[in-house]
Protein chains: 2
Amino acid sequence: MSPIKYYYDLMSQPSRALFIIFRLSGMPFEDRVVALRNGEHLTDDFKRDINRFQRVPCINDNGNKLAESVAILRYLSAKGKIPEHLYPKYFVDQSRVDEFLEWHHMSLRLTCAMYFRTVWLEPLLTGRTPTEAKIEMMRMHMERNLDVVEEVWLESSDFLTGSTLRVADIFAACEIEQTRMADYDVRIKYPKIRAWLKRVRQSCNPHYDVAHEFVYKISGTGPQAKL
Amino acid sequence: MSPIKYYYDLMSQPSRALFIIFRLSGMPFEDRVVALRNGEHLTDDFKRDINRFQRVPCINDNGNKLAESVAILRYLSAKGKIPEHLYPKYFVDQSRVDEFLEWHHMSLRLTCAMYFRTVWLEPLLTGRTPTEAKIEMMRMHMERNLDVVEEVWLESSDFLTGSTLRVADIFAACEIEQTRMADYDVRIKYPKIRAWLKRVRQSCNPHYDVAHEFVYKISGTGPQAKL
């Protein structure tokens, strides 16, 4: 059995999350970088051979192709590749992490991604600047969810789903870090998120900084300056 | 141990999905209907005692509160309450179902829900009619994902993740049924989805029709007329 092939681009939030989780888990994998900026995922070959949904991240485990970061995480956990302290096997503890992972798609992930897309990606692709009203609306949607992270998820614990780092924290941090590139500074309004992000980064380094190298570069500030 | 308390509103797509899954599984549960239209989920009591995210569906299993439909499904599967033919325990088969469940949040679920909200819910709440351009944009986003269901998920199998009904089909059908209320008829452009929806309904009845009674009523057509 050869190690899994991991297809990813560190510009993609869930790609970074899995990259950090794999490295922290000490799981060997074959690097298959996919340059989204060059449309490498949009070819017919990619669709046929790698991922029928033409997205990253995805894996190929000795012929078994699987997409969707959270599904990949669970599959590899079931194979014993992810340590229990990152993704618990006991179903009650696992359900707390699952609750976050399922919650985050349509809330934190969606709205941080839309903010990033509106403020950074679309102007780059189209040459058009978004209106102030549109940016404000996107910021409002995002902050409604950052409020929930600050006030509910981080209400009384150091990490999102308890007192220690879990995969939930890594997925969430990667979504929030994306907004740096759109010059959003989450630290200003959210002291708990600020302190939590620092803990997540420390718990995951050096892998966290490796995964975010390009994010730091685009945002024009080093990790120290931001956290 | 008393049966779980299930908090739901059949106007909510994932509430219907879990309702059908619980009934099909023969799992006893205590009915706790939450009338979203009356804002019953928005009270401080609901936030403190039932679900800190103030949404449905959610459960209380002898004091253990859990939100997020997919997390709830996985928790109850781990407790042996969901039969394997609906949600497999073997991790390779389970990963195929997980792949769909994770995919659907930001694609099928998001865009069907946005179409429903734009065409049906917002006019009801605000009294304002959406512009044709807005409806068209929402329809385009939704159909981009219906195309993926028709051409990729249903490419060569009777159900989304293989030859038999799984929870993935139930979650997906409940999202698509929601658009009926906004007078969208998925059958017109999508023959595979049409035939699949019929199979899902037949496999899940009588529970499917019970769950969709209000949807049929609002859309003004009985299940036979539509499927």
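One structure accompanies this document, and this report is about it. Values in this document were obtained by computation on a predicted structure and should not be read as measured data.

### Observations regarding the sheet that holds strand β3 (residues 58-61) of chain A
Residue and element names in this part refer to chain A.
Then, number 1: One open sheet holds the four strands; their spatial order is β2-β1-β3-β4, and the pairing between them is mixed. The sheet is open, and its two edges are formed by β2 (29-33) and β4 (64-67), each paired on a single side. The sheet shows a mean angle of 20° between the axes of neighbouring strands, taken without regard to direction.
Then, number 2: Examined bridge by bridge, strand β1 (residues 4-8) and β2 share five bridges and lie parallel to one another. If you follow Tyr6 over to β2, its bridge partner there is Asp31.
Then, number 3: Across the sheet, helix α1 (residues 13-25) is in contact with β1 and β2; its angle to β1 comes to roughly 145°.

### What to know about the nonpolar core
Then, number 1: Membership of the largest hydrophobic core comes to 71 residues, with the highest contact counts inside it found for A:Ile193 and A:Trp196.
Then, number 2: Of the residues forming this core, the biggest block, nine residues, is contributed by helix α4 (residues 91-126) of chain A.
Then, number 3: Among residues more than four places away in sequence, those in contact with A:Trp196 are A:Leu154, A:Asp158, A:Phe159, A:Leu160, A:Asp169, A:Ala172, A:Ala173 and A:Ile176.
Then, number 4: Judged by nonpolar contacts, the second largest core, of 70 residues, contains B:Ile72, B:Trp103, B:Cys112 and B:Cys174.

### Considering the pattern of salt bridges
Then, number 1: Overall, the coordinates contain 34 salt bridges over all chains when judged by the stated rule.
Then, number 2: Notably, a salt bridge pairs B:Glu99 with A:Arg52, separated by 3.2 Å at the nearest N-O pair. Note that B:Glu99 is positioned in helix α4 (residues 91-126) and A:Arg52 in the loop between α2 (44-49) and β3, a pairing that runs across two chains.
Then, number 3: Because the salt bridges share partners, they merge into one network encompassing A:Arg74, A:Asp98, A:Glu102, B:Arg74, B:Asp98 and B:Glu102.

### Topic: the packing of helix α5 (residues 132-153) of chain B against helix α7 (residues 191-204) of chain B
Residues and elements named next belong to chain B.
Then, number 1: With their axes 8 Å apart at the nearest point, α5 and α7 run at an angle of 75° to one another. The orientation of α5 relative to α7 falls into the category roughly perpendicular. Contacts from Leu146, Val149 and Glu150 of α5 reach α7 at Pro191, Lys192 and Ile193.
Then, number 2: Looking at the contact of α5 with α7 residue by residue, the classes come out as four nonpolar, no polar and two charged.

### Digging into the state of the cysteines
Residue and element names in this part refer to chain B.
Then, number 1: Under the criterion given, the structure shown has zero disulfides over all chains.
Then, number 2: The thiol of Cys112 is unpaired, and the distance to the nearest cysteine sulfur, on Cys174, comes to 12 Å.
Then, number 3: Since its relative accessible area comes to 1%, Cys112 is described here as buried.
Then, number 4: No disulfide involves Cys174; its sulfur sits 7.9 Å from the nearest other cysteine sulfur, which is in Cys204.
Then, number 5: With a relative accessible area of 0%, Cys174 lands in the buried category.

### Things to note about the interface of chain B and chain A
Then, number 1: Opposite the 29 residues of chain B that make contact, chain A presents 31 residues.
Then, number 2: Between chain B and chain A, a total of about 2,900 Å² is buried, with carbon and sulfur atoms accounting for 63% of that surface.
Then, number 3: Where chain B packs against chain A, one counts four salt bridges.
Then, number 4: The closest approach of N and O atoms between A:Asp98 and B:Arg74, which form a salt bridge, is 2.9 Å.
Then, number 5: In this structure, the connection of chain B to chain A is made through 14 residue pairs in polar contact (both at pLDDT 80 or more).

### Thoughts on the relation of the copies chain B and chain A
Then, number 1: Expressed as a screw transformation, the operator carrying chain B onto chain A has a rotation angle of 180° and an axial translation of 0.0 Å, and the superposed copies differ by an RMSD of 0.0 Å. Put plainly, the chains are arranged around a two-fold axis.
Then, number 2: Looking at the interface residues of chain B, 100% of them are also at the interface in chain A, so both copies use one shared face.

### Concerning the side chain of A:Gln13
Then, number 1: Tracing the chain through its elements places A:Gln13 in helix α1.
Then, number 2: Residue classification places A:Gln13 among the buried positions, given a relative accessible area of 9%.

### What about the packing of aromatic side chains?
Residues and elements named next belong to chain A.
Then, number 1: Tallied over the entire structure, the rule returns 30 aromatic pairs over all chains.
Then, number 2: With a centroid separation of 6.3 Å and 75° between ring planes, the pair formed by Phe19 and Phe29 is classed as edge-to-face. Of this pair, Phe19 sits in helix α1 while Phe29 sits in strand β2, and the two are 10 residues apart along the sequence.
Then, number 3: We classify Phe19 as buried; its relative accessible area is 2%.
Then, number 4: Judged by its relative accessible area of 17%, Phe29 is buried.
Then, number 5: For the ring pair Tyr90 and Phe91, a centre distance of 5.4 Å and an interplane angle of 70° mean the geometry is edge-to-face.
Then, number 6: When its relative accessible area of 48% is taken as the criterion, Tyr90 is described as partly exposed.
Then, number 7: Residue class for Phe91 comes out partly exposed when judged on its relative accessible area of 23%.
Then, number 8: Through pairs of rings, three or more aromatic residues link up here, namely Tyr6, Tyr8, Phe19, Phe22 and Phe29.
Then, number 9: If you follow Arg199 out to its NZ or CZ, it ends over the ring of Phe159, 5.8 Å from the centre.

Rules of the game
- Residues numbered from 1 in each chain as written.
- Chains lettered and ligands numbered in written order.
- Predicted model: local features only at pLDDT ≥ 70, side-chain atom pairs only at ≥ 80, totals over all residues.
- Heavy atoms only, no water.
- Pairing = 2+ DSSP bridges.
- Helix = DSSP H or I, 4+ residues; strand = E, 2+ residues; numbered from the N terminus.
- Axes fitted to C-alpha atoms, helices over the stretch in contact; angles between N-to-C directions.
- Contact = heavy atoms within 4.5 Å.
- Core = buried A, V, L, I, M, F, W, Y, C linked by side-chain atoms within 4.5 Å.
- Buried < 20%, exposed > 50% of the residue type's maximum accessible area, 1.4 Å probe, protein only.
- Salt bridge = Lys/Arg side-chain N within 4 Å of Asp/Glu carboxyl O.
- Parallel < 35°, antiparallel > 145°, perpendicular 65-115°, else oblique.
- Nonpolar A, V, L, I, M, F, W, Y, C, P; charged D, E, K, R; others polar.
- Disulfide = S-S within 2.5 Å.
- Buried area = accessible area lost by both parts, 1.4 Å probe.
- Polar contact = N/O pair within 3.5 Å; in protein donor to acceptor, adjacent residues only side chain to side chain.
- Least-squares fit on C-alpha atoms with pLDDT ≥ 70 in both.
- Phe/Tyr/Trp six-rings, centres within 6.5 Å; stacked < 30°, edge-to-face > 60°.
- Lys NZ or Arg CZ within 6 Å of the ring centre and 35° of its normal.

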